[in-house]
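What the coordinates show
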Amino acid sequence: MNQTVNVSITSTTRRRKLANGTIASYPQWYCEYREPLTGKRRRRAFNRKKDAEAFRNALLVKVAEGSYVDERTAPTVSKAIDHWLADKEGKVKASTLMGYKVVVNGALRGPLLVGTRQERADYTESGVPPKGARFIKLLGDVKLTDLTTAMIRIWHKTIVEQCGNYTANRAKSHLKSILALAEEDFSTRAPTMPTGLTRNRHKPKKAIMTTDNIMKLIVAAKADAEQGIYYAFPFLTGTRPSEQLGLLWSEVDFDKNIIRIRRIQERDGSLTEMTKTEAGTRDVPMGTTLREMLLEWRLRCPRKSKELHRVFPGPGRLQEWPKLRIGGGGPLLYQNFRKRYWAPVFKSLQLPYVTPHSARHSFISTLQAQGIEVGLVAQIAGHANPTVTLGHYTQAVRGGAAAVDALERAYSSVSNAMS
């Protein structure tokens, strides 16, 4: 692309014969220049001089910044969506990718069916619109060079009204990623995302366990040779339930004291050879407590065809120690994990019940409370962006007294330094 471009503004008088026979005259302004990409002569017509000047100034800025794109060949939002979805292939699991497609096709590309959630779901599945259906045009046909912040604001308001805050904000998040990738690969300048948009109503934070209660659970787990590792593991690693149930012994490295998270287990028990997101593929350090529990569990763990395979398999039938279990080693479904391993320990220890995923919240929040930098916590937790770690997973695991004590220590050190 040429680094400079000369744009001349000229004018002429256009004449047009009206129906009554009179001749109307009006000025016409032109921007004449050589197309920065091809060098061919181009001329753009405007009815007002200030519009021609605005076009010239914008063109010069784009060329100087290296962000010029010929608006006649610029990709549409729909093409950018396809490019983004293709980039996600192989980086996220199939069900996650399908969720992306549902949101971007229904709430971003369009058209959007005006109706109930069920009517839209039926239309998405069958492709047959209900009788008398009405549709709203969305952003799919808009060229990236024409997309503005104001257009995004209007689109977002439409989705809020038709589908709700959650869908609108999720679609906006995807749009931001789509435009960022298009900016890299198509050299288009992404418009600024609008601020002050309608947000989700406040949702209560996920209930998490206190540090004292987690310690009580870990002590019980260490004494429970048959089931303890099942319910202690997520508190010691911060893994998602699907990552825990999909873990294989081949990924537990006792020499390096790490656990390699490389796959997940789906709801039907099958294994997917990738994690929820690309950042989810990671190595989790193994502490002394977890290492000892896993070494002991390896001796008892049900085998698959007499070989160690899954770390958290279905149990099979227990025989008198030291005989091996019969029929174990296969997948343990999530619902069975919650019913047989997770829920009973909270009842027996008289602890407030929390979900398996809340153990991940506790893990992340505890690391933060202990002063571990957020970047490292995000890396261990498998978050690509530390903002997710801070915004969605970090919660208070200590009482207000801990904050006041820290404040007192800080002020005391200042006073001592000044005295």
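Here's a quick rundown of the structure. Just so it is clear, the model here is predicted, and its values are computed rather than measured.

Analysis parameters
- Residues numbered from 1 in each chain as written.
- Predicted model: local features only at pLDDT ≥ 70, side-chain atom pairs only at ≥ 80, totals over all residues.
- Heavy atoms only, no water.
- Helix = DSSP H or I, 4+ residues; strand = E, 2+ residues; numbered from the N terminus.
- Buried < 20%, exposed > 50% of the residue type's maximum accessible area, 1.4 Å probe, protein only.
- Contact = heavy atoms within 4.5 Å.
- Areas by Shrake-Rupley, 256 points an atom, 1.4 Å probe, with all protein chains shown as cover.
- 1 Å grid on protein atoms, 1.4 Å probe; cavity = no way out; pocket = protein on both sides within 12 Å on 5 of 7 lines; lining within 4 Å.
- Points joined across faces, edges and corners; volume = space filled by probe spheres on them.
- Nonpolar A, V, L, I, M, F, W, Y, C, P; charged D, E, K, R; others polar.
- Axes fitted to C-alpha atoms, helices over the stretch in contact; angles between N-to-C directions.
- Left-handed = near helix turned anticlockwise from the far one by under 90°.
- Core = buried A, V, L, I, M, F, W, Y, C linked by side-chain atoms within 4.5 Å.
- Salt bridge = Lys/Arg side-chain N within 4 Å of Asp/Glu carboxyl O.
- Pairing = 2+ DSSP bridges.
- Phe/Tyr/Trp six-rings, centres within 6.5 Å; stacked < 30°, edge-to-face > 60°.

Quick look at the overall build of the protein chain
Scanning the protein chain for helices and strands turns up 15 helices and 10 strands. Burial analysis of the protein chain (419 residues in total) assigns 38% to the buried set. Considering only contacts within the protein chain whose residues lie at least 6 apart along the sequence, 58% involve residues at least 24 apart. When the accessible area of the protein chain is evaluated, it comes to approximately 24,100 Å², of which 51% is carbon and sulfur surface.

Let's talk about empty space enclosed by the protein
Tallied over the entire structure, the rule returns 3 cavities of 30 Å³ or more. Of the voids in this model, the second largest cavity is the one considered here, and its volume is about 70 Å³. Together, Ala221, Lys222, Asp224, Ala225, Gly228, Ile229, Met293, Glu296 and Trp297 line the second largest cavity. Breaking the lining of the second largest cavity down by element, the ones donating at least two residues are helix 7 (211–223), helix 8 (228–237) and helix 10 (288–300). Element by element, the count of residues in the lining of the second largest cavity is highest for helix 10, at 3 residues. Taken together, the residues of the lining of the second largest cavity sort by class into 5 nonpolar, 1 polar and 3 charged.

Comments concerning the packing of helix 7 against helix 8
At a minimum axis distance of 9 Å, the contact between helix 7 and helix 8 shows a crossing angle of 140 degrees. The two elements helix 7 and helix 8 cross, and the hand of that crossing is left-handed. Each of Ile214, Leu217, Ile218, Ala220 and Ala221 in helix 7 lies in contact with helix 8, whose residues at this interface are Gly228, Tyr231, Ala232, Phe235 and Leu236. Here the residues of the contact of helix 7 with helix 8 sort into 9 nonpolar, 1 polar and no charged.

Concerning the nonpolar core
Ranked by internal contacts, the top residues of the largest apolar core, which has 43 residues, are Leu217 and Leu294. Sorting the residues of this core by element identifies helix 7, helix 8, strand 7 (258–261), helix 10, helix 11 (334–348), helix 12 (356–369) and helix 13 (374–381) as the ones contributing at least two each. Not counting residues within four places of it along the chain, the set of residues in contact with Leu294 comprises Ile229, Trp249, Val252, Phe254, Ile259, Met286 and Val311. In this structure, Trp84, Leu138, Ile152 and Ala168 belong to the second largest nonpolar core, which totals 31 residues.

Brief notes about the pattern of salt bridges
Scanning the model with the defined rule gives 12 salt bridges in all. Residue Asp87 pairs with Lys91 through a salt bridge whose shortest N-O separation is 3.2 Å. The exposure class of Asp87 is partly exposed, given its relative accessible area of 30%. Overall, the relative accessible area of 31% leaves Lys91 in the partly exposed class. Taking the shortest distance from any N to any O, the salt bridge between Arg300 and Glu226 comes out at 2.6 Å. With Arg300 in helix 10 and Glu226 in the loop between helix 7 and helix 8, the pair connects residues that are 74 residues apart, well separated along the chain. One continuous salt-bridge network, built from bridges that share partners, spans Arg240, Glu243 and Arg282.

Remarks on the pairing of strand 3 (residues 41–46)
In the sheet, strand 2 (residues 23–34) pairs with strand 3 via 6 bridges, with the strands oriented antiparallel. In the sheet register, Cys31 faces strand 3, and the bridge partner there is Arg44. The turn joining strand 2 and strand 3, which pair antiparallel and follow one another in sequence, is formed by 6 residues; a positive phi near 80 degrees is taken by Gly39.

Brief notes about the sheet that holds strand 2
An order of 1-2-3 is seen for the 3 strands of this open sheet, with the pairing classed as antiparallel. With one partner strand each, in any of the chains shown, strand 1 (8–17) and strand 3 form the two edges of the open sheet. Strand-to-strand twist across the sheet, computed as the mean angle between neighbouring axes with direction ignored, equals 30 degrees. Here helix 1 (residues 49–65) sits on the sheet in contact with strand 1, strand 2 and strand 3, set at roughly 10 degrees to strand 2.

Overview of the layout of surface pockets
In this structure, the second largest pocket occupies an estimated 660 Å³ of space. Taken together, 21 residues form the lining of the second largest pocket, with Val102, Gly106, Ala107, Arg120 and Thr124 sitting closest to its centre. Going through the elements one at a time, helix 3 (94–109), strand 4 (112–114), helix 4 (117–126) and helix 6 (165–186) are the ones with two or more residues in the lining of the second largest pocket.

Here we look at helix 3
Among the residues of helix 3, Thr96, Leu97, Gly99, Tyr100, Val103, Val104, Ala107, Leu108 and Arg109 are the ones counted as buried. On its buried side, helix 3 packs onto helix 2 (77–88), helix 5 (149–163) and helix 6. Looking one or two residues past helix 3, Gly110 carries a phi angle of roughly 80 degrees, positive in sign.

Thoughts on the packing of aromatic side chains
Under the definition given, this model contains 12 aromatic pairs. Note on Phe233 and Phe312: the rings are 4.9 Å apart at their centroids and 65 degrees apart in plane angle, and the pair reads as edge-to-face. Separated by 79 residues along the polypeptide, Phe233 in helix 8 and Phe312 in the loop between helix 10 and helix 11 bring together distant segments of the chain. Judged by relative accessible area, which is 0%, Phe233 ranks as buried. Centroid distance Phe337 to Trp342: 6.0 Å. Interplanar angle 45 degrees. Geometry classified as tilted.

Some details on the sheet that holds strand 6 (residues 252–253)
An order of 6-7-10 is seen for the 3 strands of this open sheet, with the pairing classed as antiparallel. Each edge of the sheet is formed by a strand with only one pairing partner; in this case those strands are strand 6 and strand 10 (282–285). Bridging between strand 6 and strand 7 involves 2 bridges; their strand directions are antiparallel. Note on strand 7: the bridge partner recorded for Val252 is Ile259.

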